[in-house]
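Geometric and topological summary
Spelled out, the chains give:
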Amino acid sequence: MKLQLSVSAVFVSSVAARTFTVFNGCPFTVWPAIFTPQGSPAPDHATGWEAPAFTAVSFFVADNWTSGRIWARRNCDFSTNPGPNSCLDGGCNGGLVCDPISGTGVPPATVAEWTLSGAGGLDSYDVSLVDGYNLPMRINNNVGCPVPECPVDLGPNCPAPLIGPFDSSGFPVGCKSACAANLDGNPTDSANCCSGSHNVPATCPSSGVAFYDYFKSNCPKSYAYAYDDATSLFSCASNLHADYTVTFCPPP
Ligand SMILES: *[C@@H]1O[C@H](CO)[C@@H](O)[C@H](O)[C@H]1NC(C)=O
């Protein structure tokens, strides 16, 4: 009886959901996190956890997960006053487990983004540097669809106005976006943020985004500013029911 129950549970999951795997390929602990906007079904997993070096977790994600994100936090200590500042970057409201409503990450953070079974019968997904960079990342799949990635450590050579935060040894564990660094001093009307008079693709070309080339030349298969769709938003036919793997610090 027990065996029958578990077999049918696996069957139901395999038709209604995808398997996602999150692998920490970094030689240090990171703290991955998941955010799901209201209105979308949420993955069958905690919204935040500790991932020791070279460990993986897998979980089911509904076929219609919409605008979901996965990232990882660096250098966390949740022992006092757990919250968004418990990590050097990527931290969330809530502490180790991110608040399901407001638990998005504190930039800079490299973010994997998905809409499964979206417009045109497609899964859309990308590795985003729109909120800056904090870890190398790759999104693999098991059906031969494109593989977005930013496999390079963008910290050490990050342009001086964007570099940081730094760990206790002075090593840069992030590289901010030009928007988040507030380089032009006017976040509500900014060519770096694609805001105000720059809030459509025609008035926010990549050429107007400071240091865009640093991110894009190192990581051409990542989404490097708000309107980078043409070169960086990847898709996969939804009826292939792809399973996805996010790897932090992927092999080159
Ligand atoms: C997602 O799919 C499930 C199963 O088909 C459905 O019950 C649910 O309403 C869908 N959710 C959204 C937000 O479309």
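A brief look at the structure comes next. (Residues numbered from 1 in each chain as written. Predicted model: local features only at pLDDT ≥ 70, side-chain atom pairs only at ≥ 80, totals over all residues. Heavy atoms only, no water.)

Overview of the packing of aromatic side chains
Basically, it comes down to this: The pairing test for Phe, Tyr and Trp rings, Trp by its six-membered ring, is centres within 6.5 Å, and the orientation test on the planes gives stacked under 30 degrees, edge-to-face over 60, and tilted for anything in between. The secondary structure listing takes helices from DSSP runs of H or I that are at least 4 residues long and strands from runs of E that are at least 2 residues long, numbered from the N terminus. We call a residue buried when its accessible area falls under 20% of the maximum for its residue type, exposed when it is over 50%, and partly exposed in between, using a 1.4 Å probe and counting protein chains only.
Under the definition given, this model contains twelve aromatic pairs. On the numbers, 5.4 Å between centres and 85° between planes, the contact of Tyr212 with Tyr225 is edge-to-face. Placement of the pair is Tyr212 in helix α2 (residues 212-218) and Tyr225 in the loop between α2 and α3 (229-232), with a sequence separation of 13 residues. Tyr225 matches Tyr212 in its accessibility class, with the two residues each being buried.

Notes on the nonpolar core
Generally speaking, a soluble globular protein has its nonpolar side chains buried in company with each other. Heads up, the condition is: Among the buried residues, those of types Ala, Val, Leu, Ile, Met, Phe, Trp, Tyr and Cys that are joined through side-chain atoms within 4.5 Å form a nonpolar core.
Counting 44 residues, the largest nonpolar core has Phe20, Ile70, Trp114, Phe215, Tyr244 and Phe248 as its most contacted members. Counting residues in hydrophobic clusters, the runner-up holds seven residues, among them Ala33, Phe35, Trp71 and Ala109.

Points about the environment of Pro136
Under the convention used in this document: In what follows, a contact means two residues having at least one pair of non-hydrogen atoms within 4.5 Å.
Of note, Pro136 is situated in the loop between β6 (122-128) and β7 (137-141). Residue classification places Pro136 among the buried residues on the basis of a relative accessible area of 8%. In this structure, the C-alpha to C-alpha distance between Pro136 and Gly155, residues 19 residues apart in sequence, is 9.7 Å. Not counting residues up to four positions away in its chain, the partners in contact with Pro136 are Cys150, Pro151, Val152, Asp153, Thr247, Phe248, Cys249 and Pro250.

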